[in-house]
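What follows is each chain in one-letter form.
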Amino acid sequence: MPIPFSLALLSLLLVGADRPSEKLNPETLAASLLPGFVVDLQAEESILAEVNRIRGKRGLVKLRLNSELRDIARSHSSEMAKLGFLSHVDFDRRDLRRRLSVLRMGTWRSAAENLARMENRHPVAPRAVEGWLSNPDHRRNLLGSRYTQTGVGAVRDAEGYLLLCQIFLEP
């Protein structure tokens, strides 16, 4: 039975970076999506636009889309959708720091991640961003002046819920 509108939110802030040791290739990322689990490009684009609109109103630099971060966010959203969980740690026990190193993101100063699971009804972006802004940790990530790059992943699960992952990076 579907749960009435719910927006589950988590936030994680990481500081520092490790030297990358593995490389996740595009074929691995593509294979991570199974039939019935669909990337929602419109949701990804609208979330980035809404975040940048909010940041712009506050005089903050707009976040630049980083396609590697987007791939990491999509992969994590896909795994959460397939396996039915919402967590900053993936099935292989990799946190955001480890997921960033797997794709050889190089050195970076800090990174943060906001997650959500929500009903897939429009408008998605304002509801997701409003939810994140209502929580101090998520708000700090979204409005962090040190972050200049981002990637958004939005994957619809078999029940129609959207699993969202937005990664923020300070190179």
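Keep in mind that what you see is a predicted model, and the values were worked out from it rather than measured.

Participant: In this structure, what is going on with the environment of Val51? I would like to understand it.
Facilitator: In this structure, Val51 sits in helix H2 (residues 41–57). The exposure class of Val51 is buried, given its relative accessible area of 0%. On a C-alpha basis, the gap between Val51 and Leu133 in space is 9.9 Å, while along the polypeptide they are 82 residues apart.

Participant: How do you make sense of the pattern of salt bridges when you look at a structure like this?
Facilitator: Pairing of side chains with opposite charge becomes possible as their charged atoms draw close. One pass over the structure, following the stated rule, counts 7 salt bridges. The partner of Asp71 in a salt bridge is Arg70, and the shortest N-O contact between them spans 3.6 Å. Overall, Asp71 belongs to the partly exposed group, its relative accessible area being 24%. Asp137 is paired through a salt bridge with Arg140; the nearest N and O atoms lie 2.2 Å apart. Here the residue Asp137 and the residue Arg140 both occupy positions in helix H6 (residues 136–142), the gap between them amounting to 3 residues, near one helical turn.

Participant: Please clarify how unusual backbone geometry should be interpreted in this entry.
Facilitator: Trans peptide bonds make up the majority, and among non-glycine residues the majority have a negative phi. The amide bond that connects His122 to the next residue, Pro123, takes the cis arrangement and shows omega of 0°. With respect to the element layout, Pro123 can be found in the loop between strand S4 (110–119) and helix H5 (124–133).

Thresholds, definitions, all that
Residues numbered from 1 in each chain as written. Predicted model: local features only at pLDDT ≥ 70, side-chain atom pairs only at ≥ 80, totals over all residues. Heavy atoms only, no water. Helix = DSSP H or I, 4+ residues; strand = E, 2+ residues; numbered from the N terminus. Buried < 20%, exposed > 50% of the residue type's maximum accessible area, 1.4 Å probe, protein only. Salt bridge = Lys/Arg side-chain N within 4 Å of Asp/Glu carboxyl O.

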